[in-house]
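# Summary of structural features
If you want the building blocks of each chain, they are given just below.
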Amino acid sequence: MGELIDYTLRVNGREHDVAEAWLGESLLYVLRERLGLPGSKNACEQGECGSCSVLMDGELVCSCLVLAAGAVGAEIVTIEGLTPGDDELSDIQTAFLAEGGVQCGFCTPGFVVSVHDLLEHNPNPTELEVREAVSGNLCRCTGYGRILAAVQAVQQARQG
Amino acid sequence: MSIDLGVRRGRLGESVARPDGIPKVRGQIAFSSDMFAEGMLWGHVVRSPHPAARIRAIDVSGALKIPGVRAVLTFDDVPGRKTYGLDYPDQPVFAWDCVRYMGEAVAAVAADHPETARRAAAAVVVDYVPTEPLTDSTIAEDAEPVHPLGNVLHRQKVRSGDPDATGVAVVEGYYETGMQDQAPLGPESGLAVPAEDGGIDLYIATQWLHIDQEQMAACLALPLDKVRVHLAGVGGSFGAREDLSMHIQICLLALRTGRPVKISYSREESFLGHVHRHPAKMWYRHHADAEGRLVKLEAKIILDGGAYQSSSMAVVMNAACMSPGPYRMPNAVVEAVAVRTNNPPCGAMRGFGAVQTCFAHEAQMDKLADALGMDRVEIRLRNALKAGDALITGQVLTGATPVAEVLRTCTAAPMLAGDPAALAELELPGGAGRTAERGRVRRGVGYGLAIKNLMYGGGFDDYSTARCRLEDGVATITCACAEVGQGFVTLAQQITREVLGVDNVVLNPAATVGIGSAGSTSASRQTWMSGGAVQAACLAVRERALALVSARHGIAPEGLEIVDGRIVSFDGEVDVAVAEAALGEVLEETVDYHHAPTEELDADGQGNAFVSFAYSAHRAVVDVDVDLGLVRVVDITTSQDVGRVLNPVQLVGQIEGGTAQGLGLAVMEEIVLDHGVVRNPSFTDYIIPTTLDMPPVHIAALIEEPEPGSPMGAKGAGEPPMISSVAAVVAAIRMATGLELNRAPVRPQDIALAGTGLSGGSMTSPNDVEVSK
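Quantities reported herein were computed from a predicted structural model and do not represent experimental measurements.

### A short note on the pairing of strand E12 (residues 200-204) of chain B
Residue and element names in this part refer to chain B. A large share of E12 lies buried, amounting to five of its five residues. Both faces of E12 are covered, namely the face carrying Ile200, Leu202 and Ile204 and the face carrying Asp201 and Tyr203. As paired elements, strand E11 (residues 189-194) and E12 share five bridges and run antiparallel to each other. When the sheet's bridge partners are listed, Gly190 is paired in E12 with Ile204. Of the strand pairs in this sheet, E12 and strand E13 (residues 227-231) are connected by five bridges, and their pairing is parallel. Counted as the bridge partner of Ile204 is Leu231 from E13. Read as a crossover between parallel neighbours, the route from E12 over helix H4 (residues 209-220) to E13 is right-handed.

Set out below in C-alpha cells:
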C-alpha cells in the first residue's frame, strides 16, 4: 500500500498523534477511524453532501476532500468540538431538536457545523442567504423545512 | 443526560422531542458506518462491471497474495443456499455462471485496511464473456429468459364491471416514470462479529431485522438463533434497506477469518448495491360521460423489475389496484406486469407502485377535464371516492375516505408564490446559474390527488410484536421495529406514557434477540402495527396493575383509572402511584398485534386485499424558463388524510420530506442507464433537491377523521406526500409550457427541445399495446 507515515493533527484544541497511516487517507477517514471522532459522516466522499463538514483554520470544508496528512498544522474543529459538555447542547443543536430538524440524523452534524459557520460570518442572514449557505448540505429526510425553521429560531434567540 | 428542551415529556398529540435526538445532534449516535471493534478487518465486495455476461472463471490468487488480505470468498464459500431474496430467493449471494446486472456481487475480500481491501477486490480476476443485455422492458416478456425462472416477475390483472362499456369522452395517454433512487444519506454499512458459539452478530442498518435474519440463516447454513441481527443507527431508508445488501457476504468474511469485519459502501457502491424504484411504462385510456363521470379505465402498466425479484410482487399489486387513483371507476380492464431485465434490480421505494400510476392517472384526469371543457379540480371532486364506494378490486371502502376534503382544502388555500417579477436572481429557474431570462419565464399551476394502500395486504399475515415491562414505575419497551428516522422511538414513548401514565419510558435496542418480528418499516405501517403492538402490550400491563390494586382495595377494576401517574378510583377512595401498584412485582406482557385479515386477489384482481388507505392532495406552482428548460418549483401546498395527529412536528417532517422526494422525481432524479450501465452513480450526477430547490411546503389541512380499526385512529403518513407531489409538479410544468410532458422526471431537453426530436428518450406511445380482456 506504499509508504506509511506518522504525523500529528490538531483537532478540537488537542494534539492527536496519527501513527503508521497510509498517505492516501482523507481527513474524514482519519477523524472517524483513527481518532475516534465519528461525528463527521461519510455519505458521498466527493464533497457533494456536506455530511463531513468541519472547520479548518476557521474555513468550512468537506473533510472527505482534504488529505489528512495535508492538514498537519491546521486548527481543525469537528462537530465534537462544537458540542458543549456532557449535559449541554449548543443553541444550534437545541434548535435542530426542538424544531424537528432531525429525522435519521445522518446529515445533522454536517448541518450543525455549516449553520455554525454561517452565523459566525453572518449573524443575521436573510432566508435566501441561509438557503444558499446550506445548499451544500444534503438532507433526504426532512425536505429542509424544519431545518430552516431551526436556523431561524437560533437567529431570533440570539437577537434576544 | 438531562437536557431540558422546554418540550413536555409528553403524550399522544404533542410535538414530543425524539429520544434519540440528543445523541444525533451531538454526532454521537452510532450509525452502522460508525461501528468499530478491536482488531476488525475491512471488507469489500467485487461487483460486475457488465449488465450481462457469462463467467468463465474467477481467479482470486492475485488478491490473496496482497499483504494484509485475510480472505477472498466466492460462491464456493457459501455453505447454505446460494441464493437469497425478500419474496423469493432468486438472487445469488455471489454470481457463479453469469452476472445479470451491473453491480452484481461476484466475490468479497477482507483485509487489514479499507484501501487494501479495495485493491484486493480490484485484483480478483473474473473472466467475463459479455453478452447482449436485455434492457427494454416492453419486449422482455417475449425475450430470451434472463433467469431460469423466466422474465415475468409478477402479473396482476384487474377486471371489473363491463369491459365493453364506453363513454362519450375518451382520452388516451402514454406515460413513463424513471428509475428513482432512495438515496438515503447513510451508506450501506455493517459490522459482523463472529461469536464463540459458532454464530454471528451483525450490526446493520435495515428496515426489517427478522426477515434479514431468515434470509441470512438459510445462506449461512446456521440455525436462526445463531444469526443475531442488531439494528445499528439507520441513516434513512425509504425502501433501500428492505432487501439484503452486504449481510451475507460480511458474515461469511467474519466467520471465515474469525475476526470482526466492517464494510461501508462508497456512494457509488450504494447506488449499485441496492434496489431502486421500478421505472414504469404506462398506457392509459379513460372513458367518461358528458358530465365528466368516469365510466371505464383501460390500462397496461409495465414495470421494469431489473434482474431479480425483490418486492416486485407488491409493486405490481399496488400499481394494478391503485391504477385509477382515488376515483370511482365502475368498469376497469387493467393489467400490470413486472418484467425481468438486465437493468439494476428494482424493489421498494416510498409509495411503491402508486407513485408511478398516480403520475399517469392524474395526467389523464387533466386531459379528460380539458376534453370536456371542465375545471380540473371539479372533475376530480365529481369522481372522488367516498366511504361506501368500491375500488376496482370490488373492495368496499369502510374507513375514513376524505378524498374530496383533502382536495378542496388544498386547492382553496391561498397561493403564496411571490410575484415572479420581484424574485431574486437566485430564485429564478436555474438558480445560482443565473441563466434564466425573466421575460421568458412562464408560471404554471398543477394538481395531484393520491391514494395509497397502507400496510401489507393480499392475505399476508402482517403482525408486530412488542413487550412492556413495568418495574418500580419505569416502563421498558422491547420491539424490533426499525427506527429509520421516522420517529417510532418517540411514538413508542408517547404511547407508553399515555397508557400507563408513567414518565420514565426506556426503549431497548431493536434486535432479533429475545423478541419476535415487528415486520417491516415500510408501507406506512409501523405507527399502526408496532404502535399498535406497543399500545396492546402496555394495555395488558395496565390491566394487571389495575387488577392488583383492585384486589388490594376491594374495588372493581372498572372503577379505576390512571391519572397523572396515579391509579385512582372514581370515588377518590383509592390513590396509588403506578410505581407502587405492583408492590415491587415486575409486570411484563408481550403481545403480537395483527391487523384485520386481508384476502388474496383472484385471477380478475377481485378481493378485499387491503386494510386501509390514505389520501393526499398537492398543488404546485412552478416557474419555467421555456428556452433553457429550467424549472423551479416556487410553491407547494398540500392536504393529507392522517386519521389522527399523534406528533405534529414528526408528521410535518414526513409530509415535507415526502414532498421533497416527489419534487425530486418530478424534475431531477433519475438513474441514467445506457444499455444497462449506470451512468450516474454519485451525488455529483444523481441530483437530489437542496435547500435552493425546495420551496416551503404549506400544509393547508391535516384531515383528522379517526380510522376505524387503527389502534390510535391514525393512518400511516409517510408515503402519500411522495405520490401526489410528483403529479402536481409535472402538471404545473405542463400548464406553464403547454407541452404534453408524459415522462417524469421532466428533463431540460424535454422542454427546451420539445418537438425537435432531439430530446431523446421515448416520448411516444407504442402502437402495439394490447390490453387483454
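### Topic: the packing of H4(B) against helix H5 (residues 247-257) of chain B
All names here are of chain B. In the contact formed by H4 and H5, the axes pass within 10 Å of each other and the chain directions differ by 50°. Relative to H5, the element H4 is oriented oblique. In the crossing of H4 with H5, the sense of the turn from one axis to the other is right-handed. For the pair formed by H4 and H5, the contact residues are Asp212, Met216, Cys219 and Leu220 on the first element and His247, Ile248 and Cys251 on the second. Residues belonging to the contact of H4 with H5 are distributed by class as follows: five nonpolar, one polar and one charged.

### Some words on the interface of chain B and chain A
Across the contact, 55 residues belong to chain B and 49 residues belong to chain A. Contributions of two or more residues to the side of chain B that touches chain A are made by helix H1 (21-26), helix H3 (114-123) and helix H14 (648-667) of chain B. Among the elements that take part in the side of chain B that touches chain A, H14(B) stands out by supplying eight residues, more than any other. Classifying every residue of the side of chain B that touches chain A gives 26 nonpolar, 22 polar and seven charged.

### Remarks on the nonpolar core
If you look at the biggest cluster of nonpolar residues, it comprises 304 residues, and the most contacted ones within it are Ala107(B), Val109(B), Cys251(B), Val622(B), Val726(B), Val729(B) and Val730(B). The dominant element in this core, judged by the number of residues it contributes, is helix H15 (residues 720-737) of chain B, at 12 residues. Both domain 1 (4-81) and domain 2 (91-158) of chain A contribute no fewer than three residues apiece to this core. Ignoring any residue separated from it by four or fewer positions in sequence, one finds Val726(B) in contact with Val355(B), Cys358(B), Phe359(B), Gly448(B), Gly662(B), Leu665(B), Ala666(B) and Ala744(B).

### Some details on the sheet that holds strand E29 (residues 630-641) of chain B
Residues and elements named next belong to chain B. With mixed pairing, four strands are arranged side by side in an open sheet as E20-E28-E29-E32. Of all strands in the sheet, those bounded by a partner on one side alone are strand E20 (441-454) and strand E32 (697-703). For this sheet, the mean angle separating the axes of adjacent strands, direction not counted, is 20°.

About the thresholds
Residues numbered from 1 in each chain as written. Chains lettered and ligands numbered in written order. Predicted model: local features only at pLDDT ≥ 70, side-chain atom pairs only at ≥ 80, totals over all residues. Buried ≥ 20, exposed ≤ 12 C-beta atoms within 10 Å, placed from the backbone. Helix = DSSP H or I, 4+ residues; strand = E, 2+ residues; numbered from the N terminus. Pairing = 2+ DSSP bridges. Right-handed = clockwise from strand over helix to strand, strands pointing away. Axes fitted to C-alpha atoms, helices over the stretch in contact; angles between N-to-C directions. Parallel < 35°, antiparallel > 145°, perpendicular 65-115°, else oblique. Left-handed = near helix turned anticlockwise from the far one by under 90°. Contact = placed C-beta atoms within 7 Å. Nonpolar A, V, L, I, M, F, W, Y, C, P; charged D, E, K, R; others polar. Core = buried A, V, L, I, M, F, W, Y, C linked by C-beta atoms within 7 Å. Domains from an automatic or database assignment.

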